[in-house]
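As a plain string of letters, each chain reads:
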Amino acid sequence: MTKRLFVSVWALTVLLTVYFASTVVAADEGSVIISYQDNFKAFANSDFIKRLTALPEWEPFFEAFTKTCDKAIDKELSRQNLQQRLPEPVVDDLRNFLESGISTKIGIETVFQHLEAIVFKLQADFDDDDIDENLQDITDLLQGRKKDLDLEFDGLLGFIIDVNPRSYFSFLKYFREKTDYQFLRNEPGGDFILKFDFEFHDRDIEFCCAGIKLNTGRYAVLFSDDDQIIQYCKAFKSGRYAEIDTTLPQKELVLEETCFLFLNRQLKLANLNSNETEFFGKIKQVKAILHDVNSVTQLEIIAAIRTVDDAQALGSLLRGLLAFVQFNVAENSPKRELLQAVQIETAGTEVSVTVKLDHPELWKLIAKGLQQVTEKIKNRE
């Protein structure tokens, strides 16, 4: 039953991906700027999640949050709104699905049962002048000047699941074979690669979707462009992603050097460059890891800096800021103990900040935050 529901949820996700895909345009291969891996199912058994769900404030928050999401989804995906964007047969199926008793709570619980991991890699052409226009587009969007946003990037969005992705083929009935889509690979009962190429609201939508079988009844569903999809399939079969460990309760976000070079470049183009902003050009990588160490969840932020001197300067700056914050907290305050639990270390060209997420004061703050959010949600109803 749960797998059938997951297939339905996934089909809805694919359709909504197309629904919002008109804001994204693929580009040529470039440098990796951001990568992310989320061991989704394993992290559900982490110390942090166990502590969170054990709080008395969690259940009222979860109930209020999911009910609000149900109302928002029903409003956003109303028949009237959908009819403005999608063909009538698609609208009928989406509305029938939404009215079949599905809820945000059931959807979340089902996804946690079957989604093992998320792998994401974002690339951009650092030498492409258009990327400067992208920053202006983002700025305009944030300032409310325009509704449409075109970002030129490519990369990978992958999901590792325990459901055969061929079960999702039902959504293909909304597209014309060999016109809107075609199979680049279709092994009988095995791996497949689908290429989509169609117009949607006067926009050209082009992307590839692949489904490949991994070991022990696991599958990978990959989204990329036709220039890279085959390489990513090979990477999950026998390359760098073939040995990916999804059993550890861990989430990892990495911002690569190109990300900070890009930020530094944009500041120069905007004539905002100074000694402070120049620091972006000194960062080689920033990695944030949320994982369990000795059965306790901790957050680690590790920055790789170009030189030892710059790393020492950053470490000193962070320790000074932490000391300043502690100085402004009452000496007998529990919050001071919480701040003292923050560890800042410098080793060679690396600076790390570590926080163990087991301090009683931290969980008091989380419980208070959940309670406040729950009250705000209820007051809006």
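Residue indices follow the written sequence of each chain, beginning from 1 at its first position. Only residues with pLDDT of 70 or above have their local features reported here, since the model is predicted, and side-chain atom pairs are shown and tallied only from 80 upward, although totals for entire chains, interfaces and linings are computed over all residues. Each side-chain value is worked out from all heavy atoms of the structure, with water and hydrogens disregarded.

A run of DSSP states H or I qualifies as a helix once it reaches four residues; a run of E qualifies as a strand once it reaches two. Both are numbered from the N-terminal end. A tally of helices and strands in the protein chain yields 13 helices and 13 strands. Residue contacts follow a heavy-atom distance rule, with two residues in contact if any of their heavy atoms lie within 4.5 Å. Excluding contacts between residues fewer than 6 apart, the proportion of contacts in the protein chain whose partners are at least 24 apart in sequence is 68%. Only the protein chains shown count as cover for residues, and the accessible areas themselves come from Shrake-Rupley with a 1.4 Å probe. For the protein chain, the accessible surface area stands at approximately 21400 Å², while carbon and sulfur atoms represent 54% of it.

So, about the pattern of salt bridges. A carboxyl oxygen of Asp or Glu within 4 Å of a side-chain nitrogen of Lys or Arg is what we treat as a salt bridge. In the structure shown here, the tally under the stated rule is 16 salt bridges. E99 serves as the salt-bridge partner of R95, at 3.1 Å between the closest nitrogen and oxygen. R95 gets classed as buried once you look at its relative accessible area, which sits at 7%. Three exposure classes are used, based on accessible area relative to the maximum for each residue type with a 1.4 Å probe and protein chains only: buried under 20%, partly exposed in between, and exposed over 50%. What makes E99 exposed here is its relative accessible area of 54%. Note that R218 and E116 form a salt bridge whose closest N and O atoms lie 3.0 Å from each other. With R218 in the loop between β7 (204-213) and β8 (219-224) and E116 in strand β3 (residues 115-124), this pair connects stretches of sequence that are 102 residues apart. Neither R218 nor E116 differs from the other in exposure class; each is buried. The network of salt bridges with common partners includes D74, R95 and E99.

This part is about the confidence of the model for the protein chain. Scored by pLDDT, the protein chain has a mean of 83; 82% of the residues are at 70 or more. pLDDT: the predictor's confidence for each residue, scored from 0 to 100. Per-element mean pLDDT across the protein chain ranges from 35 in strand β1 (residues 24-26) up to 97 in helix α3 (residues 47-54). Across residues 14-30, where pLDDT falls below 50, the model places 42 contacts with residues more than four positions away in sequence or in other chains. Scored below 50 in pLDDT, residues 146-152 makes 23 contacts in the model with residues more than four places away or belonging to other chains.

Right, let's get into the nonpolar core. As a rule of thumb, soluble globular proteins bury nonpolar side chains together. Counting residues in each nonpolar core, the largest one holds 31 residues, and the members touching the most others are L86, I161 and F196. Within the residue set of this core, elements represented by two or more residues are α6 (88-98), β3, β4 (151-161), β6 (192-199), β7 and β8. Core analysis: the second largest hydrophobic core is formed by 20 residues, F61, I344, V355 and A367 among them. Only buried residues count toward a nonpolar core, which is a set of Ala, Val, Leu, Ile, Met, Phe, Trp, Tyr and Cys residues joined through side-chain atoms within 4.5 Å.

With that settled, consider the packing of aromatic side chains. Only Phe, Tyr and Trp rings take part, Trp by its six-membered ring, and two of them pair if their centres are within 6.5 Å. Stacked means planes under 30 degrees apart, edge-to-face means over 60, and tilted covers everything else. Taken as a whole and judged by the stated rule, the model has 18 aromatic pairs. Relative to Y241, the ring of F236 lies with its centre 4.8 Å away and its plane at 20°, an arrangement referred to as stacked. By relative accessible area, F236 is classed as buried at 3%. Judged by its relative accessible area of 9%, Y241 falls in the buried class. Aromatic rings pair up to connect F159, F169, F171, F175, Y181, F183, F192, F196, F198, F207 and F223 into one cluster.

This part covers a negative patch on the surface. A patch is a set of surface residues, each over 30% in relative accessible area and not in a salt bridge, joined within 9 Å for like charges and within 5 Å for the nonpolar side chains Val, Leu, Ile, Met, Phe, Trp and Tyr. Under the counting rule used here, the positive set is Lys and Arg, the negative set is Asp and Glu, and His together with the chain ends is not counted. Here the site of a charge means NZ on Lys, CZ on Arg, CG on Asp, or CD on Glu. Taken together, the side chains of D197, E199, D202 and D204 define an acidic patch exposed on the protein surface. If you trace the backbone, D204 turns up in strand β7.

Next up on the list: the state of the cysteines. Simply put, disulfide is the name for a covalent bond between the sulfur atoms of two cysteines. Note that a disulfide, as used here, is simply two cysteine sulfur atoms within 2.5 Å. The tally for this structure, following the rule as stated, stands at zero disulfides. In this structure C233 is a free cysteine whose sulfur lies 9.1 Å from that of C208, the closest cysteine sulfur available.

So, about the packing of helix α4 (residues 58-76) against helix α13 (residues 360-380). For any two helices packed against each other, the geometry comes down to the angle between their axes and how far apart the axes lie. Look at α4 against α13: their axes get within 9 Å of each other, and the N-to-C directions meet at 35°. Handedness of the α4/α13 crossing: left-handed. Counting all contacts with α4, which are made through W58, P60, F61, A64, F65 and T68, the residues of α13 involved are L370, V373, T374 and I377. Residue classes follow a fixed rule: Ala, Val, Leu, Ile, Met, Phe, Trp, Tyr, Cys and Pro count as nonpolar, while Asp, Glu, Lys and Arg count as charged, and any other residue, Gly among them, counts as polar. Tallied by class, residues from the contact of α4 with α13 come to eight nonpolar, two polar and no charged. To define axes, lines are fitted to C-alpha atoms, for helices over the stretch in contact only, and angles between the resulting N-to-C directions are given on a 0 to 180 degree scale. With the far helix as reference, a near helix turned anticlockwise by less than a right angle produces a left-handed crossing, and one turned clockwise produces a right-handed crossing.

Expected span of a helix: the number of residues minus one, times 1.5 Å. End to end, α4 covers 26 Å across 19 residues, agreeing with the expected 27 Å (1.5 Å per residue, within 8%). Where α4 is concerned, the buried positions are W58, F61, F62, A64, T66 and C69. Tucked into the core, α4 has its buried residues touching α3, α7 (104-114) and α13.

Here E252 lies in strand β9 (residues 250-256). By relative accessible area, which is 23% here, E252 ends up partly exposed. With sequence-adjacent residues up to four places away left out, E252 is seen in contact with S35, Y36, Q37, K287, A288 and I289.

Turning our attention to α13. For α13, which comprises 21 residues, the first-to-last C-alpha distance of 31 Å matches the rise-based estimate of 30 Å (1.5 Å per residue) to within 8%. Burial in α13 covers these residues: E361, L362, W363, A367, L370, T374 and I377. Packed against the buried residues of α13 are α3, α4 and α12 (334-340).

Let us look at the side chain of R218. Given a relative accessible area of 13%, R218 falls into the buried group. Within the structure, the side chain of R218 is placed 3.0 Å from the side chain of E116, a separation counted as a polar contact. Among residues more than four places away in sequence, those in contact with R218 are E116, I160, I161, I212, K213 and T246. Distance and chemistry together define a polar contact, namely a pair of N or O atoms within 3.5 Å, with one atom able to donate a hydrogen and the other to accept it when in protein, and with adjacent residues in sequence counting only for side-chain atoms on both sides.

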